[in-house]
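# Topology and contacts: notes
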Amino acid sequence: MKTIFKILFLFLAFLTSCSVPKSTVMGLPDQGYLVFVSDGQYADKTVHVTLDKDKASFNANVVRQKDFDIKAPTYQIASGQWTLKVMYDNKVIYNQKIFLSPQQTKKVILP
């Protein structure tokens, strides 16, 4: 009887010791965000944004400076260095090189 208990104990100990703890490491996505703000003539308007000479382009809504923290739409792009050109009515209103770190939100202040 003792032998059966010893074998059963060893069998259960063997089964419980075989599992390996698994850990999952999740990094932050390699993305940054752009927000377009203005207190001037471009506030509450839609502008056309071009990244790196037509590598990517999109339309963006410009918010007032006071609405930046709550209502500001963000535009997700890959982190790194970009040449950012913003146009309104086929006129360039912003043209600069920017560097975006992962998870950084860059506030682009338009006139």
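Values in this document were obtained by computation on a predicted structure and should not be read as measured data.

In this section: the overall build of the protein. Along its length, the protein carries two helices and seven strands. Counting across all 111 residues of the protein, residues that qualify as buried make up 28%. Pairs at least 24 residues apart make up 61% of the contacts formed inside the protein by residues separated by at least 6 positions. Of the roughly 8,200 Å² of accessible surface on the protein, a fraction of 57% belongs to carbon and sulfur atoms.

Turning our eyes to something else, we now look at the packing of aromatic side chains. Here the structure, examined in full by the defined rule, presents three aromatic pairs. Ring geometry for Y42 and Y88: centres 5.4 Å apart, planes at 70°, overall edge-to-face. Taken together, the residues Y42 in the loop between β1 (31-37) and β2 (46-51) and Y88 in strand β5 (residues 80-88) connect sequence positions 46 residues apart. Between F58 and Y75, the ring centres sit 5.4 Å apart and the planes meet at 25°, which makes this aromatic pair stacked. Placement of the pair is F58 in strand β3 (residues 56-61) and Y75 in strand β4 (residues 75-78), with a sequence separation of 17 residues. Taken together, the ring pairs connect F36, F58 and Y75 into an aromatic cluster.

Attention now moves to the sheet that holds β1. Overall, mixed pairing links the three strands, which are arranged β4-β1-β7 in an open sheet. Both outer strands of the open sheet, β4 and β7 (105-109), are each paired with one neighbouring strand and no more. Recorded for the sheet is a direction-independent mean angle of 35° between the axes of neighbouring strands. As paired elements, β1 and β7 share five bridges and run parallel to each other. Within β7, the position partnered with F36 by the bridge is V108.

Turning our eyes to something else, we now look at the side chain of S79. Tracing the backbone through its elements, the reader meets S79 in the loop between β4 and β5. In this view, S79 contacts D30, Q31, G32, L100, S101 and P102; residues no more than four positions away in its chain are not counted.

Glancing now at the pattern of salt bridges. Following the criterion strictly, the structure yields one salt bridge and no others. One salt bridge in this structure joins D44 and R64, with 3.1 Å as the shortest N-O distance. With D44 in the loop between β1 and β2 and R64 in the loop between β3 and α2 (68-71), this residue pair connects regions lying 20 residues apart in the sequence. Residue D44 is classed as exposed on the basis of its relative accessible area, which comes to 51%.

Each value, and the rule that gives it
Here the residue numbers are simple positions, counted from 1 along each chain's written sequence. Predicted model: local features are reported for residues with pLDDT of at least 70 only, side-chain atom pairs are reported and counted for 80 or more only, and whole-chain, interface and lining totals are derived from all residues. By convention in this description, side-chain values take in all heavy atoms of the structure and omit both hydrogens and water. For the purposes of this entry, the term helix denotes a DSSP run of H or I that reaches at least four residues, the term strand denotes a run of E that reaches at least two, and both are numbered from the N terminus. Here's how the labels work: a residue is buried when its accessible area is under 20% of the maximum for its type, exposed when over 50%, partly exposed in between, all with a 1.4 Å probe on protein chains only. Should any heavy atoms of two residues lie within 4.5 Å, those residues are counted as being in contact. Residue exposure ignores everything except the shown protein chains as possible cover, and the areas themselves are Shrake-Rupley values with a 1.4 Å probe. Aromatic pairing here means that ring centres of Phe, Tyr or Trp (its six-membered ring) are within 6.5 Å. Orientation follows from the plane angle: under 30 degrees is stacked, over 60 is edge-to-face, and everything else is tilted. Any two strands are treated as partners once DSSP identifies two or more bridges connecting them. Lines fitted to C-alpha atoms define the axes, with helix axes restricted to the stretch in contact, and inter-axis angles between N-to-C directions lie between 0 and 180 degrees. For this document, the term salt bridge refers to a Lys or Arg side-chain nitrogen within 4 Å of an Asp or Glu carboxyl oxygen.

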